[in-house]
Each structure stands twice: as C-alpha cells, then as structure tokens.
Protein chains: 2
Amino acid sequence: MKNFTFQNTTKLIFGKGTIEKLAKEIPSNARLMVTFGGGSVKKNGVYEQVTRALAGREFVEFWGIEPNPRVETLRRAVALGKEKNIDYLLAVGGGSVADGTKLIAASIRCAIDPWEIVLDASKSNEILPYAIVMTLPATGSEMNLNAVISNDATDEKYGFAVSHHPEFSILDPETTFSLPDEQIAYGICDTYVHVAEQYMTTAGQSPLMDRWAEGILLTLIETAPKIRANKHDYNAMADYMLSAAMALNGYIGLGVTQDWATHDIGHELTALHGISHGQTLAIVMPGVWRVMKAQKMSKLLQYGERVWGIVDGTDAERAEWAIEHTEKFFRSLGLATRLAELNVGEKTIAEIERRFTERGNACGEGRNIDGKKTAEILRACAK
Amino acid sequence: MKNFTFQNTTKLIFGKGTIEKLAKEIPSNARLMVTFGGGSVKKNGVYEQVTRALAGREFVEFWGIEPNPRVETLRRAVALGKEKNIDYLLAVGGGSVADGTKLIAASIRCAIDPWEIVLDASKSNEILPYAIVMTLPATGSEMNLNAVISNDATDEKYGFAVSHHPEFSILDPETTFSLPDEQIAYGICDTYVHVAEQYMTTAGQSPLMDRWAEGILLTLIETAPKIRANKHDYNAMADYMLSAAMALNGYIGLGVTQDWATHDIGHELTALHGISHGQTLAIVMPGVWRVMKAQKMSKLLQYGERVWGIVDGTDAERAEWAIEHTEKFFRSLGLATRLAELNVGEKTIAEIERRFTERGNACGEGRNIDGKKTAEILRACAK
C-alpha cells in the first residue's frame, strides 16, 4: 500500500426533509450569497425549502451558473460577492453550481482573475467557507475539493482543487425526483467512472479499497434498473445519491494510484462539442481500457470476476468481456458508447491529439497516454 | 435508508516512516502531554521515533495507561495535566492509550471527577485537542469519538463518546511488527466484530454500506493467514491496520441501524474476569447470532453467501453454517469460542443477568436483549 495523508472535514447531512437544517449550520452573522443554476429549483420546490429555512435572514442570490460552468459567468458572481462583502457561500443545485461556487469562494478575497486560480489554485490566498445543497448526484463535488470550470474564450475546460472542503452538504434524495432521465443517466455513468478512475489501475495495492470500489460499482449496477423503473423510488435514489458522494470523497482512493485519463480526454469532447460530461465518459472509458489493456489486465480480470461474474475463458477473452459488459451497462442507461453516434469524427480526434501533444504532460496512471495514444484511444471508440 | 448526519474530521497519516510528520501537525506553542502504556514503545523504537520527531520541544510524559484503562490511573494523568496547564495531548500506543487519552482530554478543563464524564459525557464542557500515534490496530479509536473506561472500585466498564475527533492519527504499519501474536488475534477479532455490530442488523437498509462492511470482513479473512505466516509482511499489516480504522470511523454505519449487544455483553466478561476484549467478542457474538437468529435471518443469509460463499441448503442450515464459519475463523486466530474454555460458568452468567436486569435498558438492534435474553445468549456459548 502507498503512504497517504487523508482528511475530509465535510459534514454530510443526508435524508428526506433535511434542507430545513440549513439555518443552524450557517453562522447567524454570515454575509451569505446563495448560488443557483438555471431555475429548476424553483419548479421542484427546493428554492422554497431553502428560503423557508433561511427565513428572517438576509442573503444575496446569484442565478445562472450553467452546466459546465463558465468562468465568464462566475466572474460576475465574484464581482457581486466583492461588492456585497460576502463571507459565506451556499450552492443550491448540481455539480456545476457546486463547482462554480468553489471558484467563487476561492476568488472573492483575491485580486487576480478567477481563471488564474483555475490554472493555479495556489494563487488563491483565501477561500471563504461554503456549503452545498446537492440536487443532482454525479460529480461528488458535495464532499470533495474538486471543481471543473470551462472557458468559452479559449474553448478550454480544466479541473482544479480548492484548499477547503464544503463546511456541510445536504443531500435529500427527494430533491432528485424531478431530474430528467438523461441527467440521471449521465450522473450514474459519471459516478461509475469516478470509481473506475481510482480502481482500474495496478492490482494488489489495497484489497480493502478494491472491495469498496467494487461495492459502489455493484450498487450502481443493481440500483440503475430500479431508478429506470421508478425515479420516485426513495431508497433507490438514496442509494445512488450516497454512491455518488462516496465515489469521489477520497475514501476509496486511500493508498492506491489513480488514472483519470478518461476524464482528461472526455473534457476535451465537452470543450469542443458541448457533449455532456457523463456521456463523454461512457464513450471514452471503454477506449482507454481497450488500448491500455496490457497495463490494466490484472485488474480487468479481477473486475470482470467480482463485478460481472466472469470466470471462464482466456485472460484476453475475460478482459474483453468485462469491457463489453461495462459498455452494455452504459447503453442500458440510454447512453451512446461510440463517437460516431454523436457525429464526432477524425477532425476532432486530430484536434484533441494536437492539444495533448502541445500540452506535453501525458495522462493516465503510468503518465504514458500522450497525444498519439489519446488519438489511438479515441479511434478505438470511434464506431 | 435512514436519515443521518456524519462528520469525521480526523486527518489520517498512513504509512511507513510517517511518525516524523508529528511535529508539523502539533502547534509549536502547544503545552503538550504525551501519554503511553506500559513501555513496549521503548522496546520497538516508537518512543525514539516520537521523541526524535519532537526534538527541541518541551513536553510532559505520562506513563502507565493499562489495557482496559482504569479511571484510577487516568485521574493521575488529569491531575498532572491540570498542574502543568496542558492544552494538547498526544497518545502513543494502542486503543487503551487512545481511549484513556480521550478521557484525559475531556477532563483536564473540568472540575468534576473523570468517572462522571464516562457516565455522562455532556458534563465535559471543553475537550482539549488530542492526536494519536496508533501502534495496535483494533479499537478504531484512532479515527472516532469513542472510548471505553474501566472502574476498578465498582467492577464496571463503560463506553462513552467525546465531542471531538482526534486532530490527526498516525498509522505506521511497521510499528505493529513487534506485537504479540495474541494481541493481533484479539485485534483482528475486535475489528471483525466492530463491522458485524453495524452490519448484522435489518437487511436492505443500505446496499452500499452492506458491500463496504462485507469488504472489510473479506479483507480480514484474506489477510489473517498472511499475518499468521509472517507478521512482518508490511502490506498485510497495512491492510489490517487500514481495516481496523475503517471499521469504526463511522463510514460503514451511514444510514443503517446498529446492534452492539456483543460488545455490551463482552464488556461484562472483561469487567468480571479481566478477559481480553477481543476474546470476549469471539465467544459472545456467535451466541448473540444464534439466539437472535430469527431477527437476523435475512442478513445472516446474505452474509453467508457473500462472505463465505454459502448458497445451498435450507435457510436454517445456511444461517447456522454462516455462524459456524465465523467461529472457525475466530478459532483459526487462536481464540476460544466457548465460555467453558476460559472456565467461566453459571455463576458469571447469573451475575451478568442480574446486572442487565438491574440496569433495565435492554441492548441490541431491537432493544430486546434484556437480562434474561443475555443469560440465554451466554448459555448458547457456554460449552
């Protein structure tokens, strides 16, 4: 096992009716800004629950943090925060609102442009306390330091990490009942791939973390059909919501190496074509696994056996079947698993190869996925 | 899934050579007391590593916190802490040193006797920050709020919970290489039962937490023979040490009911006969499972299948086989699984029945294990 240091200070408040606990968690003298997305929370009752919980308190609202949150939008929130001397932030929405709010929290007390903080988070000398009411399980942002921000002007999309966890996160599975089917599908896939990026690496590093990662994957596989049958199934949505939080809060990454090539490549597809994040992962991950099969063979065999019950066949067959089962699961969610299905072709592959080559820093567990290898991966999931 | 609120702020520093990170974690102006057990840390090099890490800093040493730490000993530490105006504690040792140090930390700033805090932790109005160098994986004390303290004068042993987690805990698997075999056996059993107390309850509450609990059990079952073969096997000891911390830090208890009858009954055997905690659990748990079989049937079947691969037979047979496999595992650790093996008989059973009946608060998941049921359980594991 690798040496590691781990701490996750977020207070997780989970279950139906828990939004009313908001007020007690936020200091009564906080100068609060509440951030939102496009307005779905006004339709599903969450906005009403939040404002009822904050009744009698002053707060500033900021609306319009979009999916794949844009630094252009967030700059306006930062300016408003500076103007109002905000010192506490509450994000209400999905992973994009949470991610955007992390950048706002890291920028309000800084003189530099927020995009500079995305490029180098150490340039933020102070981050305001922030909390999250999470209404779309997927990114795990509710319990980690990470955020992914897009830049329209440069067609770029990068992840960065802030220095402090959310003070608290409220997860009420009932807030997810009104999510569109495709958002749920993207979210389940995103969660699955978060686990896989920490799991499909060198075998034998931590038997316990392997079991926990496999435990999340098995839970997602068992839960997805229940949600498809009835997305008002409270327990199924709770199981999924808890899985999403546990997938990327650091727990399953203790003492093991990680990969993240699928995310790195997927981000480019979102940046260039606006394809939803979860959808990009369903396409790219099988390509990564096929092209990197030799490096990942031992773990692919373990995954195939423990998650899909594949015990017969040659190693090569079992590894391939494990990948095929995974693709079949993604397709069962209604997702595409080939670039051609979204009309993405050679021109995009060449552009992504150019970007990775230009950047120079190869990705993946072995840092051996460079521009050329990236093109090979994308061709493996082309059609 | 049950609603829950969860937070665990402990910084976990894991791996070989990590004791040297101590100094950076403790504020340089802290008035520090370092607490120890009986002196084994002077033989295995841990004391030297700790003092080297703290070189150039003043600190007070308190020695002699015994297994099943006694309030009589801890009162002396509290008096010393008050005298020296201590404001930070560092426990170096196993679960007993950690537990005792929690009571010291909760008592130094209080005017009342420490035993009053054991009986009602809310009477501690302030707890000093404390940290742990854990050298004996077992209790999970390194990453939770719990402590168990004995009172010689009254032959009592109770658990209580402090209000703050350890600031940090350092777990270096190499510090466990010199542990006596029986300590390792007790620790593995203690860890196994910590998981079971949160798992062998009503089925279907949280599929993910079930998987994670089963993951720890499977890891312990796979790791124990490796440790028996070679207790200097770094990875095996690391897997066990991580399992012990994860078993009782709250992670696997999210949204599920718990039991703890085995611990409640086992504590009485320790209080009355000085039997090691882990050993009491190996005897009592199979008795609890047999007597409460009807209530636990559904989970026993799941446990049998997923942990021991038991899929054939009637429900009654499969449940019994699952219990027998568990007993066989405990015996493979070198532990007794019957009271008669330790010369404990009817007289003790009657006394424990009397104590539980007198106390009046029944234990177990369903709060239906009263004095009479406790006697029935102890008779089920008598010989």
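Residues numbered from 1 in each chain as written. Chains lettered and ligands numbered in written order. Predicted model: local features only at pLDDT ≥ 70, side-chain atom pairs only at ≥ 80, totals over all residues.

Asks: How do you make sense of the interface of chain A and chain B when you look at a structure like this?
Replies: Much of the literature gives interface size as the accessible area that the parts lose upon coming together. Tallying the contact residues gives 33 residues for chain A and 33 residues for chain B. Broken down by class, the residue content of the side of chain A that touches chain B amounts to 16 nonpolar, twelve polar and five charged. When strand β1 (residues 4-14) of chain A meets strand β1 (residues 4-14) of chain B, the two strands line up antiparallel, connected through seven bridges. If you follow Asn 8 of chain A over to β1 of chain B, its bridge partner there is Asn 8 of chain B. (Contact = placed C-beta atoms within 7 Å. Nonpolar A, V, L, I, M, F, W, Y, C, P; charged D, E, K, R; others polar. Pairing = 2+ DSSP bridges. Helix = DSSP H or I, 4+ residues; strand = E, 2+ residues; numbered from the N terminus.)

Asks: Is there a simple way to explain the relation of the copies chain A and chain B in this structure?
Replies: There are two copies of the chain, and a rotation about an axis plus a shift along that axis relates them. Each copy superposes on the other: chain A lies on chain B with an RMSD of 0.0 Å after a rotation of 180 degrees and an axial shift of 0.0 Å. Such a turn and shift between the copies fits a two-fold axis. Residue Thr 9 of chain A, judged by its C-alpha, is the member of chain A lying nearest the rotation axis, at 2.3 Å. Of the residues that chain A buries at the interface, 100% are likewise interface residues in chain B, meaning the two copies contact each other through the same surface. (Least-squares fit on C-alpha atoms with pLDDT ≥ 70 in both.)

Asks: How should the environment of Gly 187 of chain B be read in this particular structure?
Replies: Residue and element names in this part refer to chain B. On the secondary structure map, Gly 187 appears in helix α7 (residues 181-199). When the C-alpha atoms of Gly 187 and Leu 136 are compared, they prove to be 7.5 Å apart, with 51 residues separating the residues in sequence. When sequence neighbours within four positions are dropped, the list of residues in contact with Gly 187 reads Leu 136, Pro 137, Ala 138, Ala 244 and Gly 278.

Asks: Would you explain the nonpolar core in this entry?
Replies: Taken as a class, soluble globular proteins show a tendency for nonpolar side chains to be buried jointly. Residues Val 92, Cys 189 and Ile 216 of chain A together with Val 92, Cys 189 and Ile 216 of chain B are the most contacted members of the largest nonpolar core, which totals 242 residues. Not counting residues within four places of it along the chain, the set of residues in contact with Cys 189 of chain A comprises Gly 278, Leu 281, Ala 282, Phe 330, Leu 333 and Leu 335 of chain A. (Core = buried A, V, L, I, M, F, W, Y, C linked by C-beta atoms within 7 Å. Buried ≥ 20, exposed ≤ 12 C-beta atoms within 10 Å, placed from the backbone.)

Asks: Before we go on, may I ask you to explain the domain arrangement of chain A in this structure?
Replies: Residues and elements named next belong to chain A. Considered domain by domain, chain A is made up of domain 1 (11-175) and domain 2 (180-380). Computed from C-alpha atoms alone, the centre-to-centre distance between domain 1 and domain 2 is 27 Å. Counting residues at the interface gives 18 residues for domain 1 and 23 residues for domain 2. Secondary-structure elements contributing two or more residues to the side of domain 1 that touches domain 2 are β1 and β7 (156-161). Residues that form the side of domain 1 that touches domain 2 fall into these classes: eight nonpolar, five polar and five charged. (Domains from an automatic or database assignment.)

Asks: Would you mind showing me how to read the pairing of strand β4 (residues 88-93) of chain B here?
Replies: Both faces of the sheet carry side chains from a regular strand, because those side chains alternate between them. Residue and element names in this part refer to chain B. The element β4 is extensively covered by neighbouring structure, given that five of its six residues are classed as buried. Here strand β2 (residues 32-35) pairs with β4 via four bridges, running parallel. Its bridge partner lying in β4, Leu 32 is registered against Tyr 88. Inspection of the sheet shows β4 paired to strand β5 (residues 130-134) by five bridges, in the parallel sense. In the sheet register, Gly 93 faces β5, and the bridge partner there is Met 134.

Asks: For this particular structure, what's the right way to read the sheet that holds strand β3 (residues 59-62) of chain A?
Replies: As a general point, the strands of a sheet are linked pairwise by backbone hydrogen bonds and lie either parallel or antiparallel. Here twelve strands make up an open sheet; going across it, the order is β3(A)-β2(A)-β4(A)-β5(A)-β8(A)-β1(A)-β1(B)-β8(B)-β5(B)-β4(B)-β2(B)-β3(B) and the pairing mixed. Taken across any chain shown, the strands that pair with only one partner, and hence form the sheet edges, are β3 of chain A together with β3 (59-62) of chain B. Recorded for the sheet is a direction-independent mean angle of 20 degrees between the axes of neighbouring strands. When β5 of chain B meets strand β8 (residues 168-171) of chain B, the two strands line up parallel, connected through three bridges. The residue bridging Ile 132 of chain B from the neighbouring strand is Ser 169 of chain B, located in β8 of chain B. (Axes fitted to C-alpha atoms, helices over the stretch in contact; angles between N-to-C directions.)

Asks: So what exactly am I meant to see when it comes to the packing of helix α4 (residues 71-83) of chain A against helix α5 (residues 95-107) of chain A here?
Replies: Packed helices, taken two at a time, are described by the angle their axes make and the gap between the axes. Residue and element names in this part refer to chain A. Axis separation between α4 and α5 bottoms out at 9 Å; the angle between their running directions is 40 degrees. When the axis of α4 is compared with that of α5, the two are oblique. The handedness of the crossing between α4 and α5 is right-handed. Contacts between α4 and α5 involve Leu 74, Ala 77, Val 78 and Gly 81 on the former and, on the latter, Gly 100, Leu 103, Ile 104 and Ser 107. Tallied by class, the residues present in the contact of α4 with α5 amount to five nonpolar, three polar and no charged. (Parallel < 35°, antiparallel > 145°, perpendicular 65-115°, else oblique. Left-handed = near helix turned anticlockwise from the far one by under 90°.)

Asks: So what exactly am I meant to see when it comes to helix α10 (residues 261-273) of chain A here?
Replies: Each turn of an α-helix holds 3.6 residues, which means side chains three or four residues apart point in the same direction. Residues and elements named next belong to chain A. With 13 residues, α10 should cover 18 Å at 1.5 Å per step; its first-to-last C-alpha distance of 19 Å lies within 8% of that length. For α10, the tally of buried residues reaches eleven of 13 residues, placing the bulk of the element in the interior. All of the buried residues in α10 are Ala 261, Thr 262, His 263, Asp 264, Ile 265, Gly 266, His 267, Glu 268, Leu 269, Thr 270 and Ala 271. Two residues or fewer after α10 comes Gly 274, characterised by a positive phi angle close to 70 degrees. (Expected span 1.5 Å × (residues − 1).)

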